[in-house]
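# Summary of structural features
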Amino acid sequence: MEKIFSKVNPDILLSIVNRLEDVIDKRRDLTPEKEYLQVSCFKMNEGRTFKAHKHLEQEKITKITQESFVIVKGKIKATIYDSDDTVIAEPVLSAGDCIITLYGGHNYLGLEEGTIIYEHKTGPYYGIAKDKAYIQE
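Residues numbered from 1 in each chain as written. Predicted model: local features only at pLDDT ≥ 70, side-chain atom pairs only at ≥ 80, totals over all residues. Heavy atoms only, no water.

## Let's talk about the overall build of the protein chain
Scanning the protein chain from terminus to terminus reveals 1 helix and 11 strands. Moving toward the C terminus, one meets the helices and strands of the protein chain in the order β-β-β-β-β-β-β-β-β-β-β-α. Since a compact globule built from 137 residues should have a radius of gyration of about 14 Å, the 16 Å found for the protein chain is in line with a globular shape. Projecting the C-alpha coordinates of the protein chain onto the three principal axes gives extents of approximately 50 × 40 × 30 Å. Out of the 137 residues belonging to the protein chain, those deemed buried represent 31%. Long-range pairs, those at least 24 residues apart, make up 60% of the contacts in the protein chain with a sequence separation of at least 6. Accessible surface computed for the protein chain: about 9,700 Å², of which carbon and sulfur atoms make up 51%. Positive and negative side-chain charges of the protein chain, numbering 19 and 22 respectively, have mean locations separated by a distance of 5 Å. (Helix = DSSP H or I, 4+ residues; strand = E, 2+ residues; numbered from the N terminus. Rg over C-alpha atoms; globule rule 2.2 N^0.38 Å. Buried < 20%, exposed > 50% of the residue type's maximum accessible area, 1.4 Å probe, protein only. Contact = heavy atoms within 4.5 Å. Areas by Shrake-Rupley, 256 points an atom, 1.4 Å probe, with all protein chains shown as cover. Lys, Arg positive; Asp, Glu negative; His and termini not counted. Charge placed at Lys NZ, Arg CZ, Asp CG, Glu CD.)

In structure tokens:
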């Protein structure tokens, strides 16, 4: 697992890259408990289960949209921007890899035809005008 911290403010965790080979048998929480987006990973071998459950309704306040991308097939290059909009990292991710963006900016470039990703983000979504500020590249 690679953690990408801000150079402007080294206490801020901008992004996390978790590779397929980083996944272990036991549950690993990838994001800190205080973050809005909670991401974990583990192997789900034959016969493995956990107690059936549902989540209780509760009011939660999110102040920023956080996202994760899971590459299902193909390859992408992620460009990670620091809080001052400078490029801080450009990891290449392949099938089975996951990238989590907590703070800062990001962009993704497909490197193979037919690349498929799953995107997960915190909500609710109120539209582009309230959600995004574009970075001048």
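## Regarding the packing of aromatic side chains
Scanning all chains against the criterion turns up 1 aromatic pair. Ring geometry for phenylalanine 69 against tyrosine 108: centres 4.4 Å apart, planes inclined by 50°, an arrangement best described as tilted. Highlighted residues: phenylalanine 69 in strand β5 (residues 67-73) and tyrosine 108 in strand β10 (residues 105-110), separated in sequence by 39 residues. This pair shows no difference in class: phenylalanine 69 is buried, exactly as tyrosine 108 is. (Phe/Tyr/Trp six-rings, centres within 6.5 Å; stacked < 30°, edge-to-face > 60°.)

## So, the sheet that holds strand β1 (residues 2-5)
Spatially, 5 strands are ordered β1-β2-β9-β5-β11 in an open sheet, and the strand pairing comes out antiparallel. Of all the strands in the sheet, just β1 and β11 (116-121) have a single pairing partner and so form its edges. The mean angle between the axes of side-by-side strands here comes to 15°, regardless of whether they run parallel or antiparallel. Note: β5 against β11, 6 bridges, orientation antiparallel. Across the sheet, valine 70 pairs through a bridge with tyrosine 118, a residue of β11. (Pairing = 2+ DSSP bridges. Axes fitted to C-alpha atoms, helices over the stretch in contact; angles between N-to-C directions.)

## A word on a nonpolar patch on the surface
Where nonpolar side chains cluster on the molecular surface, the patch consists of Val72, Ile116 and Tyr118 and spans about 280 Å² of accessible area. Within the fold, tyrosine 118 resides in strand β11. (Patch = residues over 30% accessible without salt bridge, like charges linked within 9 Å, V, L, I, M, F, W, Y side chains within 5 Å. Salt bridge = Lys/Arg side-chain N within 4 Å of Asp/Glu carboxyl O.)

## Quick notes on the environment of glutamate 59
Mapped onto the elements, glutamate 59 comes out in the loop between β4 (40-41) and β5. Judged by relative accessible area, which is 76%, glutamate 59 ranks as exposed. Taking the C-alpha atoms as reference points, glutamate 59 and aspartate 85, 26 residues apart in sequence, are found 32 Å from one another.

## Here's the deal with unusual backbone geometry
With an omega dihedral of 0°, the bond running from glycine 123 to proline 124 counts as a cis peptide bond. Secondary-structure assignment places proline 124 in the loop between β11 and α1 (128-131). Residues other than glycine seldom take positive phi values, yet aspartate 85 does so here, at roughly 70°. Here aspartate 85 lies in the loop between β6 (75-81) and β7 (87-89). Aspartate 85 sits in the partly exposed class, given a relative accessible area of 42%.

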